[in-house]
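Residue strings, one per chain:
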Amino acid sequence: MSAVEIPPGAVLVVNAGSSSLKYQLVDPETGQVYADGLAERIGEPTGARIRHEALGRSRDLEVPLPDHQAAIEQVAELLHSDGIALSEIGLAAVGHRVVHGGRRFHAPTVIDDQIRSEIERLSPLAPLHNPPNLVGIEAVSALLPDVPAVAIFDTAFFHDLPEEASTYALDAATAEKYAIRRYGFHGTSHQYVAEHAARFLGRPASEVNQIVLHLGNGASISAVRGGTPIDTSMGMTPLEGLVMGTRTGDIDPGIAFQLARVGNMSIDEIDELYNKQSGLKGLCGDNDFRAVLERVDAGDPAATLAYRVYLHRLRHYIGAYMIELGRVDAIVFTAGVGENAAAVRADSLADLQMYGIEIDPVRNAERSDEARRISTDAGEVAVLVVPTNEELAIARQSAAVVAGTGT
Ligand code: AMP
């Protein structure tokens, strides 16, 4: 019995990266978070640490973390010292974020040996993401062998994109051979936010056409018709689409040939350039949006150009998705930038009154953690801010699939 009373049915949500492990212990029904934290620099010779918060107490520890197994064991020990014994609190499930579900996975899936090898087989599609996700699954399963482990795929929501939206105009046989198509990412967030937005509007999701803007350090946009996505900006990988903190987003594919032929850059160098050294950071040196906005306000030319390029791309997609949807009931902002940067919301939808889109500056300037409407009452299109909560979405989907009520 744990010293701290945690009602049975909580879910441990795990997001394992190559050298990190994010976790949250959450009640899927109430959304109450009992603990959360981040283990960083796993497997690195120095600087490994865990930032851990449980039951209102936070700790920041430097501790050797040779591998993910060591990290999850440390987390379990920290929780134990908080009075939470993971193996005794009646966990409903461990919910693992898995980045790539390929064409195979379209729903939350209880993980067994066969599913594990299928996820492994998808690794070539997401070589930087799926292998560490699997390492996290192994490590937690070793610690909690009796708790069902569930995989929640970042691509699942977009699994059934219409063919014309998911197909690249690439030689069809080559695309088939290498499973090259548009998969979409951030699906857990887009789905959670789209469902929440429909509830906020008091309408069934099946009746709402909306554009969801997930604007964080990574960024993507989706067009959702009656609860079903019909397009999204990320593609085969999370590199396509909007300008992001450090990623290019859309770029002429020919630029890679130029960099290789004329710049003698290797594939790995170009990958690093596109993913880590581009986007806002590449344009102005900062990828933190707060810093970019401060520099824009101070008249800094590089930050101002970066901001204009960011907005240009965003408006390009908003316009495209308005046409694809035909009728738009709501435009919904979420994630770090979408939830907090009023200027981005105002500027990305400026001068669209003729389409029924009109932001109320007073509503837009209000700060809140709750879902809210920021458009004027006259605007036909409801512009909303809906905070995302991927951990809660993962917890809910995991608990539902284990209870046999999931999709
Ligand atoms: P996320 O990836 O969802 O955690 O979002 C991270 C991004 O949100 C970073 O670029 C932050 O700078 C940005 N962000 C967080 N708070 C604010 C804020 N108050 N104003 C502008 N950007 C913010």
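Worth saying up front: this structure is predicted, and the values here are computed from it rather than measured.

S.K.: Quick question: what am I supposed to make of the site of the ligand here?
M.R.: Around the ligand sit Gly216, Asn217, Asn287, Asp288, Phe289, Arg290, Ala335, Gly336, Val337, Asn340, Ala341 and Arg367, and those are all the residues in its vicinity. Residue Arg290 places a main-chain N or O atom 3.5 Å away from an oxygen atom belonging to the ligand. Between a nitrogen atom of the ligand and a side-chain N or O atom of Asn340, the distance comes to 3.5 Å. Put simply, the parts of the chain that give the shell around the ligand at least two residues each are α10 (289-297) and α12 (335-340). For the shell around the ligand, the leading source of residues is α12, giving four residues. Class assignment of the residues belonging to the shell around the ligand gives a composition of four nonpolar, five polar and three charged.

S.K.: Mind showing me how you'd approach unusual backbone geometry here?
M.R.: Negative phi characterises most residues that are not glycine, and trans characterises most peptide bonds. Of note in this structure, Ala179 is not a glycine but carries a positive phi near 55°. With respect to the secondary-structure elements, Ala179 resides in the loop between α5 (172-177) and α6 (187-201). When its relative accessible area of 18% is taken as the criterion, Ala179 is described as buried. Of note, the phi angle at Asn264 is positive, near 55°, even though the residue is not glycine.

S.K.: Just to check I follow, could you spell out the pattern of salt bridges for this structure?
M.R.: Close approach of charged atoms allows side chains with opposite charge to pair. The tally for this structure, following the rule as stated, stands at 19 salt bridges. Notably, a salt bridge pairs Glu40 with Arg51, separated by 3.6 Å at the nearest N-O pair. Taken together, the residues Glu40 in strand β3 (residues 33-40) and Arg51 in strand β4 (residues 49-54) connect sequence positions 11 residues apart. Residue class for Arg51 comes out partly exposed when judged on its relative accessible area of 40%. With a closest N to O distance of 3.8 Å, Glu176 and Arg103 form a salt bridge. Placement of the pair is Glu176 in helix α5 and Arg103 in the loop between β6 (93-98) and β7 (109-110), with a sequence separation of 73 residues. Residue classification places Glu176 among the exposed residues on the basis of a relative accessible area of 53%. The class for Arg103 is partly exposed, based on a relative accessible area of 40%. Via salt bridges that share partners, Arg57, Arg59 and Asp82 belong to a single interconnected network.

Procedures and definitions
- Per chain, residues are indexed from 1 in the order of the written sequence.
- Only residues with pLDDT of at least 70 are given local features in this predicted model, and only at 80 or more are side-chain atom pairs given and counted; all residues enter the totals for whole chains, interfaces and linings.
- Side-chain measures here rest on the full set of heavy atoms in the structure, leaving out hydrogens and waters.
- Nearness here has a simple test: a residue counts as near a molecule or strand if at least one of its heavy atoms is within 4 Å of that partner.
- What qualifies as a polar contact is a pair of N or O atoms within 3.5 Å, subject to a donor-acceptor requirement within protein and to the restriction that residues adjacent in sequence count only when both atoms come from side chains.
- Helix and strand definitions follow DSSP, with helices as H or I runs of at least four residues and strands as E runs of at least two, each counted in order from the N terminus.
- Under the grouping applied here, Gly and all other residues not named as nonpolar or charged are polar, the nonpolar ones being Ala, Val, Leu, Ile, Met, Phe, Trp, Tyr, Cys and Pro and the charged ones Asp, Glu, Lys and Arg.
- Only protein chains enter the accessibility calculation, which uses a 1.4 Å probe; a residue whose area is less than 20% of its type maximum is buried, one above 50% is exposed, and one in between is partly exposed.
- A pair is scored as a salt bridge if a Lys or Arg side-chain nitrogen falls within 4 Å of a carboxyl oxygen belonging to Asp or Glu.

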